Amino acid sequence: MVWDDADTKTKIGADLKRLSQEYDLIGFSPRGVGNSTRVNCGINELVPYIAPPASDRSEQNIQRMIQLGRLTAKACQNNPLTPFVNTDATARDLNLARQLLGEAKLNFVGYSYGTWLGSWYAKLFPQSTGRMLLDGNTDFASDTFEDTFKLQPRAFERDFRDVVAPYLGRLAPKLGFAATGEQVYAAQRGLSEPLRTIVGFEIAQNLYGRDSYPNLALLLQSATVVDKLTKAKPEITLPELLNASQAAEYFSDPDLNEASKQVAINLIFARDTELQENPIPVVLNESNATFTAVLCNDTPWTTDLGYWRARDDEEAAKYPLIGGSSVSSPCLYWKGGPSVSKPKVPTTMPPLLLVQNEFDPATATEGALNAFNQTPNTKLIYLDDEPQHTAFPYGTECVDLPVTGYLLNGTLPTAKRTDCAAKPLPLEEKVYPVKLTSLGNGQYCWSQDGLNAQGLQSTAAQQAARAARELIAQTARENSGIRGYNILEKLNIQLCK
């Protein structure tokens, strides 16, 4: 437990330790998952193969995405439990738990979707709301959940293009490459399909946590080499491609090279699966089924397909990392609309403390700031230039001490909004302010140059570079490969991690 194991020699650690001692920390399984009654969605019908949405804007591919959305809605609504899986029911379950525990008020820490749930609870039960911290904020002031999710394609693209790609460009000399952030970004966009979408999905998943950013260098370099092999011989067979990938050189450093070979194997198998163009079974596990039920049951969605198709066309061009597949959302085809009504802000709205990262990919700043500005009695701790999803405990006094002070003593920050600096990203010693850029369309690949060509002449610099390579290689060996790639996850980036 992070709080209980904190270093009590620091102010932050001492406060975190006190939190673990003074609070009974209770987790719960919301309806539909875990130890609650589990909800699953499934139907016997299959959907024909869907090509990468950002690349294939053909009418046939769009109709297949629409079919997937319709059948997913049908599959979930065939389950009689589905109408009862929603945030209103979960908030009332929380209140029942509070009563059973004999607590006068609910103290609550909510991350990501938990901010939507926590704010819903505070509106339903203002008199029973205690100290509430919401981190990684949805636009819970909006009338619809749709507004939060419409922000995701731009937010994911912005995080990769303007924060992580430049970071990888700065990291490149330590790995023996010459690359700029623009070239790193363009390298992913220049990959052939379906490799581009596979890598884009992996990038999106890795944007949630800053510690995984360095491994994206291995992912992109492995993908670039595999792509070159397939372009050099378009009719290459799977065994031939596997053999060629193991003979290729990715990095001059042997550890990084071996780690990249394993990543390349997994990329090749994911690519081969996509090239088979197999029909898609419409089956959702408990997590995806519950996610879908909550998303569609809580608030209404725009059902005008013309609106979504036009939006998808625009986002496929501007935000290709995850954009272009909104028509596959089952909420567009949800019969009867939401099963509950979102509560209004009461006149006695209790205070809320919000923490928000500027470049959070999953819960975009635009939505979080709207929730902050439109909800009375809120205070905000805002992390400039921070790219990951959610923050607390973050490890800086500017962020953590106001939060622990509030949770321990009930004392909110004096200022309405507190701006805090981000920490340096892994393997860096300072923070580089983010510069927002326009989308580039150039096609680049990383060029392999020696370390000396990057100006790492000193022994200390070369030792630092070696340490960086060893750290990345070790992490990659521990967690190499492409995780759980499937079309349902590809078309619906999930909010809550």
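Residues numbered from 1 in each chain as written. Predicted model: local features only at pLDDT ≥ 70, side-chain atom pairs only at ≥ 80, totals over all residues. Heavy atoms only, no water.

Here's the deal with the pairing of strand 6 (residues 352–357)
Two faces make up the sheet, and in a regular strand the side chains alternate between them. The buried fraction of strand 6 amounts to six of the six residues, a majority that puts the element mostly inside the structure. Alternating positions in strand 6 separate into two faces, Leu352, Leu354 and Gln356 on one and Leu353, Val355 and Asn357 on the other, with burial throughout. Inspection of the sheet shows strand 3 (residues 129–135) paired to strand 6 by three bridges, in the parallel sense. Its bridge partner being in strand 6, aspartate 135 is matched across the sheet by valine 355. Pairing between strand 6 and strand 7 (residues 378–384): six bridges, direction parallel. In the sheet register, asparagine 357 faces strand 7, and the bridge partner there is leucine 383. Handedness of the crossover joining strand 6 and strand 7 through helix 14 (residues 365–374) is recorded here as right-handed. (Buried < 20%, exposed > 50% of the residue type's maximum accessible area, 1.4 Å probe, protein only. Helix = DSSP H or I, 4+ residues; strand = E, 2+ residues; numbered from the N terminus. Pairing = 2+ DSSP bridges. Right-handed = clockwise from strand over helix to strand, strands pointing away.)

Here's the deal with helix 10 (residues 238–247)
Note: α-helices contain 3.6 residues per turn, so residues at a spacing of three or four share the same orientation. Residues of helix 10 that are buried include every one of Leu241, Leu242 and Ser245, and no others. For helix 10, the angular spread of buried residues about the axis comes to 100°, placing them on one side. Turned more than 90 degrees from where helix 10 packs its buried face, Pro239, Asn243 and Ala247 sit exposed. Residues of helix 10 that are buried sit in contact with helix 9 (215–232) and helix 11 (254–275). (Arc of directions from axis to C-beta. Contact = heavy atoms within 4.5 Å.)

Here we look at the environment of proline 320
Along the polypeptide, proline 320 turns up in the loop between helix 13 (305–318) and strand 6. Looking at proline 320, the relative accessible area reads 12%, which means it is buried. In sequence terms proline 320 and glycine 200 are 120 residues apart; their C-alpha atoms lie 8.2 Å from each other. Beyond its immediate stretch of four places on either side in the chain, proline 320 contacts Ala54, Glu157, Arg189, Arg196 and Glu315.

Description of unusual backbone geometry
Proline 194 follows glutamate 193 through a cis peptide bond whose omega is 5°. On the secondary structure map, proline 194 appears in the loop between helix 7 (181–189) and helix 8 (195–206). Residue proline 393 is bonded to the preceding phenylalanine 392 through a cis peptide linkage, with omega at -10°. Tracing the chain through its elements places proline 393 in the loop between strand 7 and helix 15 (397–409). In this structure, glutamate 277 takes a positive phi of about 55° despite not being glycine.

Overview of the confidence of the model for the protein chain
Low-pLDDT portions of the prediction should not be read for the details of their coordinates. Per-residue confidence for the protein chain gives a mean pLDDT of 89; residues scoring 70 or more make up 88%. Low pLDDT, under 50, characterises residues 483–490; the predicted model gives this stretch 22 contacts beyond four residues in sequence or across chains. Long-range and interchain partners of residues 492–497, a stretch whose pLDDT sits below 50, account for 31 contacts in this model, where long-range means more than four residues apart. (pLDDT = per-residue confidence, 0-100.)

Overview of the packing of helix 8 against helix 9
Orientation of helix 8 relative to helix 9, taken along the N-to-C sense of each, is 180°, at an axis distance of 11 Å. The angle between helix 8 and helix 9 places the two elements in the roughly antiparallel class. Residue-level inspection shows Leu195, Val199, Glu202, Ile203 and Asn206 of helix 8 in contact with helix 9, the latter providing Leu216, Leu219, Leu220, Ala223, Val226 and Asp227. When grouped by side-chain class, the residues that make up the contact of helix 8 with helix 9 number eight nonpolar, one polar and two charged. (Axes fitted to C-alpha atoms, helices over the stretch in contact; angles between N-to-C directions. Parallel < 35°, antiparallel > 145°, perpendicular 65-115°, else oblique. Nonpolar A, V, L, I, M, F, W, Y, C, P; charged D, E, K, R; others polar.)

So, the state of the cysteines
Per the stated rule, a full pass over the model turns up three disulfides. Here cysteine 41 engages in a disulfide with cysteine 76; their sulfurs sit 2.1 Å apart. Every disulfide takes its handedness from the sign of the S-S torsion; for cysteine 41 and cysteine 76 that torsion is 110°, giving right-handed. Of this pair, cysteine 41 sits in strand 1 (residues 41–47) while cysteine 76 sits in helix 2 (residues 59–77), placing them 35 residues apart in sequence. Taken as a pair, cysteine 41 and cysteine 76 share a single burial class, namely buried. Sulfur-sulfur distance for the disulfide between cysteine 296 and cysteine 331 comes to 2.1 Å. Disulfide cysteine 296 to cysteine 331: torsion about the S-S bond roughly -85°, handedness left-handed. Taken as a pair, cysteine 296 in helix 12 (residues 286–298) and cysteine 331 in the loop between helix 13 and strand 6 lie far apart in primary sequence, 35 residues in all. By relative accessible area, cysteine 331 is classed as buried at 4%. (Disulfide = S-S within 2.5 Å.)

Describing helix 1 (residues 11–22)
Here helix 1 is twelve residues long and its end C-alpha atoms lie 16 Å apart, about the 16 Å a rise of 1.5 Å per residue gives. Residues of helix 1 that are buried sit in contact with helix 15. (Expected span 1.5 Å × (residues − 1).)

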